[in-house]
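# What the coordinates show
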Amino acid sequence: DQSDVPMTDLIGAMVAAGAKYFIVTDTSKDGTLAGPNIDLYRNLKKEFPNAVITASGGISGLADVKKLLFCGIREIIVGKALAAGRVTLEELSEVNRHAR
């Protein structure tokens, strides 16, 4: 079902209530390996700088991970990219080591 509540309103209310961690999936990108919605995650991080935003949907490989890290997103779900062999655990570990 589609909600009439804008995502930013919902996250804002949840942050005000004390929530800190959010998994945000762009369902139009999920499972596509077509690249994440960088603007969505960048804007959420700007609007909610103290929230921990986990990006999900569309991650196609290491370049997408690096773009999200550059936007301040440190938690990224890479399920299909990992399963498809587009990124390895070793590569992710190396990028993670340098991102912290």
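Above this text sits the structure in question.
Reference entry: report on the structure contained in this document. (Residues numbered from 1 in each chain as written. Predicted model: local features only at pLDDT ≥ 70, side-chain atom pairs only at ≥ 80, totals over all residues. Heavy atoms only, no water.)

Here we take up the overall build of the protein chain. Along its length, the protein chain carries 5 helices and 3 strands. The N-to-C order of helical and strand elements in the protein chain reads α-β-α-β-α-β-α-α. Taking 100 residues into account, the globule formula puts the C-alpha radius of gyration at 13 Å, and the protein chain, at 14 Å, falls close to it. Along the first, second and third principal axes, the C-alpha atoms of the protein chain reach 40 × 30 × 20 Å. (Helix = DSSP H or I, 4+ residues; strand = E, 2+ residues; numbered from the N terminus. Rg over C-alpha atoms; globule rule 2.2 N^0.38 Å.)

Okay, helix 2 (residues 38-47) next. Of the residues making up helix 2, those classed as buried are Ile-38, Leu-40, Tyr-41, Leu-44 and Lys-45. Along helix 2, the residues classed as buried sweep out an arc of 165° about the axis, all on the same side. Looking at the packing, one finds that the buried side of helix 2 touches helix 1 (7-16), strand 1 (21-25), strand 2 (52-56) and helix 3 (62-70). (Buried < 20%, exposed > 50% of the residue type's maximum accessible area, 1.4 Å probe, protein only. Arc of directions from axis to C-beta. Contact = heavy atoms within 4.5 Å.)

The next subject is the sheet that holds strand 2. With respect to topology, 3 strands assemble into an open sheet ordered 1-2-3, the strand pairing being parallel. Edge positions in the sheet fall to strand 1 and strand 3 (75-76), since each of these pairs with one other strand and no more. Two strands pair when backbone bridges link them, and strand 2 and strand 3 are joined in this way by 2 bridges, in the parallel orientation. Across the sheet, the residue bridging to Ala-55 is Ile-76, located in strand 3. (Pairing = 2+ DSSP bridges.)

Moving on, we get to the environment of Asp-4. Structurally, the position occupied by Asp-4 is in the segment before helix 1. Here Asp-4 falls in the exposed class, since its relative accessible area comes to 78%. Spatially, the C-alpha atom of Asp-4 lies 36 Å from that of Arg-86, the residues being 82 residues apart in sequence.

Turning next to the pattern of salt bridges. Counted under the stated rule, the structure contains 2 salt bridges. Between Asp-39 and Arg-42 there is a salt bridge; the shortest N-O distance is 2.7 Å. Of this pair, Asp-39 and Arg-42 both sit in helix 2, 3 residues apart, roughly one helical turn. Residue classification places Arg-42 among the partly exposed positions, given a relative accessible area of 29%. (Salt bridge = Lys/Arg side-chain N within 4 Å of Asp/Glu carboxyl O.)

Attention now moves to the layout of surface pockets. By volume, the largest pocket amounts to about 170 Å³. For the largest pocket, the full set of lining residues is Met-7, Leu-10, Ile-11, Met-14, Phe-22, Ile-23, Val-24, Thr-25, Thr-27 and Leu-40. Looking at the lining of the largest pocket, the elements with two or more residues in it are helix 1 and strand 1. Counted by class, the lining of the largest pocket contains 8 nonpolar, 2 polar and no charged residues. (1 Å grid on protein atoms, 1.4 Å probe; cavity = no way out; pocket = protein on both sides within 12 Å on 5 of 7 lines; lining within 4 Å. Points joined across faces, edges and corners; volume = space filled by probe spheres on them. Nonpolar A, V, L, I, M, F, W, Y, C, P; charged D, E, K, R; others polar.)

Our focus in this paragraph is the side chain of Asp-26. Relative to the elements of secondary structure, Asp-26 occurs in the loop between strand 1 and helix 2. Buried and without a salt bridge, Asp-26 has Lys-29 as its closest oppositely charged side chain, separated by 5.9 Å. Not counting residues up to four positions away in its chain, the partners in contact with Asp-26 are Asn-37, Leu-40, Tyr-41, Ser-56 and Gly-57. (Lys, Arg positive; Asp, Glu negative; His and termini not counted.)

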